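Chain by chain, the residues:
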Number of protein chains: 2
Amino acid sequence: MNRKTCCGGIKACWDSASGWFCVLCVGLLTGFIACVIDIGSTWMSDLKEGVCLDAFWFNREQCCWSSSQADDVCDEWFTWSRLFISKDPTGEHPDAYFVGYLFYIIYAVLFALVCVFLVRMFAPYACGSGIPEIKTILGGFIIRGYLGKWTLLIKSVGMILGVGAGLNLGKEGPMVHMAACVGNIFAYFFPKYGQNEAKKREILSASAAAGVAVAFGAPIGGVLFSLEEASYYFPMKTMFRSFFCAMVSANVLRILNPYGSDNMIMFYVDYQAQWHVMELFPFALLGLLGGIFGTIFNRANLYICRLRKSTWLGQYPVREVLVVSLITAVLSFPHTYLRMNTSELIKLLVSRCSPGSDSSLCDYRYNTSNPLATVLQNYPAGPTLSTAVVLLAIALILKLILTVFTFGIKVPTGLFIPSLAAGAIMGRMLGIATEQFVVAHASHPLIEKMCKSSQPCINPGLYAMVGAAATLGGVTRMTISLVVVMLELTGGLNYIIPLMIAAMVSKWTGDRLTNGSIYEEHIRLNDYPYLGAYDELDSMLVAADVMQPRRDSGSPLYVVTQYDMTVSDVDQLISGCDVKGFPVVVSQESPYLVGWVSRRELRWAMDRERKYDPNIVDDSPVYFASVQQVNINDTHELTPVNLQNIVDLSPTTVSDQTPMETVLDFFRKLGLRQIIVTRNGCPLGVLTKKDILRHVRHHNPNNR
Amino acid sequence: MNRKTCCGGIKACWDSASGWFCVLCVGLLTGFIACVIDIGSTWMSDLKEGVCLDAFWFNREQCCWSSSQADDVCDEWFTWSRLFISKDPTGEHPDAYFVGYLFYIIYAVLFALVCVFLVRMFAPYACGSGIPEIKTILGGFIIRGYLGKWTLLIKSVGMILGVGAGLNLGKEGPMVHMAACVGNIFAYFFPKYGQNEAKKREILSASAAAGVAVAFGAPIGGVLFSLEEASYYFPMKTMFRSFFCAMVSANVLRILNPYGSDNMIMFYVDYQAQWHVMELFPFALLGLLGGIFGTIFNRANLYICRLRKSTWLGQYPVREVLVVSLITAVLSFPHTYLRMNTSELIKLLVSRCSPGSDSSLCDYRYNTSNPLATVLQNYPAGPTLSTAVVLLAIALILKLILTVFTFGIKVPTGLFIPSLAAGAIMGRMLGIATEQFVVAHASHPLIEKMCKSSQPCINPGLYAMVGAAATLGGVTRMTISLVVVMLELTGGLNYIIPLMIAAMVSKWTGDRLTNGSIYEEHIRLNDYPYLGAYDELDSMLVAADVMQPRRDSGSPLYVVTQYDMTVSDVDQLISGCDVKGFPVVVSQESPYLVGWVSRRELRWAMDRERKYDPNIVDDSPVYFASVQQVNINDTHELTPVNLQNIVDLSPTTVSDQTPMETVLDFFRKLGLRQIIVTRNGCPLGVLTKKDILRHVRHHNPNNR
């Protein structure tokens, strides 16, 4: 007895702890995978340009660690041209550039092709960002195999290859997908979660948070991303679990420390300069530009994806990857900013200039004769700065075009880093323009009044940061999670308000121009059964207008009666229609609602009964309620089939006059799949999520 | 025609913009009020010790701005002792201390008494923190007058006086209440929001965010606070509005700049030192201590509040304030750390020590002979440091006791700052202990390996910050919003993971020891109709077990029939029972559910009809449905009273076998007030929020 209680206690304890243990495992593995991907992708990126002969598994930075020379050249690192043409690391062989270019292209295309082959052969679900599908899954839809181990493995490898190939893609969306795979895999080990789809979604929400947490080193941003963007239903308990999961994964990443730095902040901004209230105008302008950019990107990308679905374009995915990677490599190598790793580009753009810097972005005439410049600590542009700006403009346009084509090809692709990069370029350009404007008008009293601190008056790096937030906001329509992710990415806590302004204006602008984020657009494109926040119905509609069968259609509602059906009736019903399930009513004469039975379960139950009980014949009665209560006026000599246990006695119902707005609320908040529409206790029709989506998408001009 | 369209267009535009405009106004006014309170409370705090003779409206800092002397003494600032005894600012008159003490006590008690009189005379709702009530209001309950203009005015003034009196209270909870008042007041100017309680709650959620945003200079933390702690239902649209509102208010505060510094961050930590993985253990320990502290505080405070409700203690609120403020003043003046403004104390505790500092908290033997100390950059404690630690321990105990008594007296009181201070004290003490441990064992290989950076190895300020988060977490059980608020308060983005660990452990510990935050405990204490996240029911219960009337009670369910009732029947029904409303059924013979009519509306409708139609007699029939459909077998010669328009034709229903867990979900997520329980289409009973709360609170041992 005592032992039993003890066992029960342990079991109860395990039951309540198993969820925590599960997300702990998810956090640990997600952190580890992120670390592997970080190391792998850096190594592959560098492999395009050269190799570390002493230890080929080192990337350039690791290879040159022990070297005392500058970053770009070190004795241990062999660029391909140095390896094959001349051994002198500094010597300028005439063909060196060409050989380097060639190797760069060959490796890039090779990586991309290996990636697409792996994806196509082993895990077709591994392609793309995965966030639209995660949203759909968290919204209650089941896509079998989408979160399997093969997807995880191939997506991890594919991600390394894709980033290594230098394609215009990031690893955050895919990280969310991979983390969800990890969550799904671990959930199977915990029956409480593995066997209950709703419970499993709690784990998946937490996993999504961990995914963003490791992609950006942003645990809080991850939780908020899961809350704002990924999850459908996010109660406090899930938030707390997500918080834990994100924390564990970020901690693992920090301990393993793949970046080799002590800092968890990816694009650390080392300045503390205050921004001025007047600068809110350019920041809002950046928000506007970001919203427009996001909309252009979303529309263009959707157009291409639609073409891919409907024309010959989609029939040659491997060739498509080949072409995209080839063009990307050909365009990127000669261009300073396109050739660098996108993360490095962003880091460069958000950082500030100091007199010692040799980057052409920081080419200012510091020894100007103008005394005002010294007061402002902003200086007139030097000769190469304008070249750098032109290069940036070219990079922006090329990146836009390349990313439009890249997001949607059959390799794992994320959008965050490319969007951030595009925004950072826009921001930096506007920042430099503002700076030069201020320098040119330095004697204006307003500017004199504004710029009196000891810090530089205008900081183009800050504009880059704000621009990055604006563009990402325009593409994904995130608000609060965006600002938090940006804060955690840059450490710029002083710049909350500029970031908030940009996120706000960008979302406003974007929402005016087109409805919904790129993820929601892709959900609509793929026709996933997902009820988005933007999906709205004509406010005059009531449940009776949308339910199936329609009132005026004349077609009957298929129901099952408690006691009056025979096996052949049920078989006929199952094969005679394609509805998802049947309301159970008292009888044909008094059709009052008793419960609900799903068609699939009904079919299974019938098959099972037939298998185990050979006495069942076509005329055997089928009971959908307790046999004791049968009002037996005609006593059957045949054994009844009792299907009482498959009847859901508490189906959700609404009356036929319920406004559709309320019904939508029911579906959204309660995560339902169907609702029975009743009047005076009798079922009139059934409303499924698909019915609603069909109505939303085809009858509402706003939703196309 | 054209003009009409144009007008319609403008109207539609205004309709969609009015919400934004409303939260804009709320943000602006909230920021302004926060600024006034900041300035006022600092001035009053300083007034206890002295006055600026040149300009009495200056606080000490402003008074001494132009002075070149140190902070503590300046020629313009007259302490009371200096003013009344000796003119020499540095001279040490024997009675100076005594006079200063006396004035301090007099002013403190005076301010507290004025405060309590104002509250009692003009706005009794202005006392306390207001967060439990805001939670209840956002949960769907209406407390008339709680968010009125008088409450706002008196709470603002009372807050200044309360902080000025040096009581152990903060201004954040009250700021949330004040912001909600502002929201409520502005909502009246926008009919779309003022006339619809659900819409008004959207504005109130946004206001709550603005309240925290200005209290801490933490806009993101504010939004998350509103999401996690205050709001019941927080859709994306509300989040976006809250985001905007918090941003506007924070911006106003920044532009008005009451602190006189350029920095928005209140307790800015100026260190960047990395923490070590090994330190996670002390951080987790701090979380544990914070959770325990929070529980002790909550239990003790609740005990006192319950006494106040049930014994003579509550009958003398003014005397209570007198006693509390007197004791606080008497104890605080002689104690260095209690006497300082609580915010300043926190600032001191989270900051790091540098060799030049003259605070006794930073008394280290920097010129130690131990060469290891120089490597660690942590030094052995000096003689006055141990005194400081003892003083801190005393402060911790006194603060705990005083705050337990203070939170609940009849002045506006917040909990955040006192909790943060207590936690910061605990954290600093543990930090110093860890530091001295590390210094004593500096040669241990583990410690040598851990501490190799150029920064101090152990930073007691960081421990103070983590401890502050832990204690606040223990008291309020916030998680993610807590971490974000702490980040925005301190700017310590490097320390996300320590803060997360502390928040996590503290919540875990707290939840094991007692259910729910201090706010939820107060909600339960006051028996507000609020369904908290912690309120749970036995999982075996179904709707039929909780509904009224009970199945086995024998008492009937009061229903109205569509066509069969007379005026006298209805009158009898209204006066014969005290339920909230009646299900409308087809007839007594076939009692199938048609709709729902609330008792209050029914009574109003009957009164109205009787007033306008003198022909109504007791036998007049009452119709609750369309007259056309009346199956008139007995034609009344009397005019029927048609109450069709007050019947809700789409009441929410559940079947009697629905698990109560699902029903709770319905109430929580849909914000319902009642649900009709049906079986086979017939109403069996009604479940109101109050029934559920009664069940939760009285039948569940966990919830007391």
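Each chain carries its own residue numbering, running from 1 in the direction its sequence is written. All chains are assigned letters beginning at A, and all ligands numbers beginning at 1, according to the order in which they are written. Two thresholds apply to this predicted model, a pLDDT of at least 70 for residue-level local features and 80 or more for giving and counting side-chain atom pairs, whereas whole-chain, interface and lining totals are computed over all residues. To obtain the side-chain values, all non-hydrogen atoms of the structure were included, while hydrogens and water were left out.

Draft legend 1. Representation of the interface of chain B and chain A in the model. Only heavy atoms enter the contact rule, under which two residues are in contact if any of them lie within 4.5 Å. Contact residues are listed per partner, giving 64 residues for chain B and 64 residues for chain A. Salt bridges are defined as contacts in which a side-chain nitrogen from Lys or Arg sits within 4 Å of a carboxyl oxygen from Asp or Glu. Linking chain B to chain A there are zero salt bridges. Secondary structure counts use DSSP, requiring at least four H or I residues in a row for a helix and at least two E residues in a row for a strand, with both numbered from the N terminus. When contributions to the side of chain B that touches chain A are tallied by element, the ones reaching two or more residues are helix 10 (219-230), helix 11 (236-256), helix 21 (480-490), helix 22 (496-513), strand 6 (593-598), strand 9 (653-655) and helix 27 (660-670) of chain B. It is helix 11 of chain B that contributes the most residues to the side of chain B that touches chain A, 10 residues altogether. The class makeup of the residues in the side of chain B that touches chain A is 41 nonpolar, 16 polar and seven charged. Residues are grouped as follows: Ala, Val, Leu, Ile, Met, Phe, Trp, Tyr, Cys and Pro are nonpolar; Asp, Glu, Lys and Arg are charged; all remaining types, including Gly, are polar.

Draft legend 2. Geometry of the domain arrangement of chain A. All names here are of chain A. Each assigned domain of chain A is listed with its residue range as follows: domain 1 (16-256), domain 2 (277-525) and domain 3 (543-703). Summed over both partners, buried area is the accessible surface (1.4 Å probe) that two parts give up on being assembled. For the pair domain 1 and domain 3, the summed buried surface comes to about 410 Å²; carbon and sulfur atoms form 33% of the total. Of all residues in domain 1, Gly139, Gly140 and Tyr232 bury the most surface against domain 3, accounting for 64% of the area lost on that side. Taken together, the links from domain 1 to domain 3 amount to zero salt bridges. Pairs of N or O atoms within 3.5 Å make up the polar contacts considered here, provided that, within protein, one atom can donate a hydrogen while the other can accept it, and that residues adjacent in sequence are counted only when both atoms are side-chain atoms. The interface formed by domain 1 and domain 3 includes two residue pairs in polar contact (both at pLDDT 80 or more). Each residue belonging to the side of domain 1 that touches domain 3 can be placed in one class, and the counts come to three nonpolar, two polar and no charged. Domain limits in this description derive from either an automatic procedure or a database domain assignment.

Draft legend 3. Here's a closer look at the sheet that holds strand 8 (residues 641-642) of chain B. All names here are of chain B. A pair of strands is labelled paired if DSSP reports no fewer than 2 bridges between them. Judged by pairing direction, the sheet is mixed, and its three strands sit side by side in the order 4-7-8 without closing on themselves. In the strand order of this sheet, the two ends are held by strand 4 (565-566) and strand 8, each with one partner. Note: strand 4 against strand 7 (residues 621-623), two bridges, orientation antiparallel. Residue pairing across strands places threonine 566 opposite proline 621, the latter belonging to strand 7.

Draft legend 4. Local environment of a nonpolar patch on the surface. Residue and element names in this part refer to chain A. A contiguous nonpolar surface patch, about 610 Å² in accessible area, is contributed by Phe117, Met121, Phe122, Trp150, Leu153 and Val157. Within the residue set of the nonpolar patch, elements represented by two or more residues are helix 4 (96-122) and helix 6 (149-164). Its place among the elements puts leucine 153 in helix 6. Patch criteria: residues need more than 30% relative accessible area and no salt bridge. Like-charged residues are merged within 9 Å; nonpolar side chains of Val, Leu, Ile, Met, Phe, Trp and Tyr are merged within 5 Å. To be clear on the numbers: accessible area is Shrake-Rupley with a 1.4 Å probe, and residue cover counts the displayed protein chains and nothing else.

Draft legend 5. The confidence of the model for chain A, seen in detail. On average, residues of chain A score 85 in pLDDT, and 92% of them reach the 70 mark or higher. Scored from 0 to 100, pLDDT reflects the predictor's confidence in each residue. Ranking the elements of chain A by mean pLDDT puts helix 16 (residues 371-376) of chain A last, at 68, and helix 20 (residues 460-476) of chain A first, at 94.

Draft legend 6. View of the relation of the copies chain B and chain A. Our superposition of the copies is a least-squares fit, built on the C-alpha atoms of residues whose pLDDT is at least 70 in both. For the match of chain B to chain A, the screw axis carries a shift of 0.0 Å, the RMSD comes to 0.4 Å, and the turn is 180°. The transformation relating the two chain copies, once decomposed into turn and shift, fits a two-fold axis. Using C-alpha coordinates, one finds that chain B approaches the rotation axis most closely at glycine 681 of chain B, a distance of 1.9 Å. Comparing interface residues between copies, 100% of those in chain B also lie at the interface in chain A; the contact surface is shared.

Draft legend 7. Expanded view of the packing of helix 12 (residues 280-310) of chain A against helix 22 (residues 496-513) of chain A. All names here are of chain A. Each axis is a line fitted through C-alpha atoms, and for a helix only the stretch in contact is used; angles between axes span 0 to 180 degrees, taken between their N-to-C directions. One can describe the packing of helix 12 onto helix 22 by two numbers: an axis separation of 7 Å at closest approach and a directional angle of 40°. Judged on the interaxial angle alone, helix 22 and helix 12 are oblique. Crossing of helix 12 over helix 22 shows right-handed handedness. Taken together, the residues of helix 22 that come into contact with helix 12 (itself represented by Leu280, Phe283, Ala284, Gly287, Leu288, Gly290, Gly291, Ile292, Thr295 and Arg299) are Ile497, Pro498, Ile501, Ala502, Val505, Ser506, Thr509, Gly510 and Leu513. Tallied by class, residues from the contact of helix 12 with helix 22 come to 11 nonpolar, seven polar and one charged. Orientation categories follow fixed angle ranges, with anything under 35 degrees roughly parallel, anything over 145 roughly antiparallel, 65 to 115 roughly perpendicular, and all other angles oblique. Crossing chirality is assigned from the near helix's rotation relative to the far helix, an anticlockwise turn below a right angle marking it left-handed and a clockwise turn marking it right-handed.

Draft legend 8. Structural context of the pairing of strand 11 (residues 682-688) of chain A. Residue and element names in this part refer to chain A. Relative accessibility under 20% of the residue-type maximum defines a buried residue, over 50% an exposed one, and the middle range a partly exposed one, all with a 1.4 Å probe and only protein chains included. With respect to burial, strand 11 is a largely interior element, six of its seven residues being buried. Relative to strand 11, strand 10 (residues 674-679) runs antiparallel, the two sharing six bridges. Across the sheet, the residue bridging to arginine 679 is cysteine 682, located in strand 11. Here strand 10 folds back onto strand 11 in antiparallel fashion, the turn holding two residues, of which asparagine 680 has a positive phi close to 50°.

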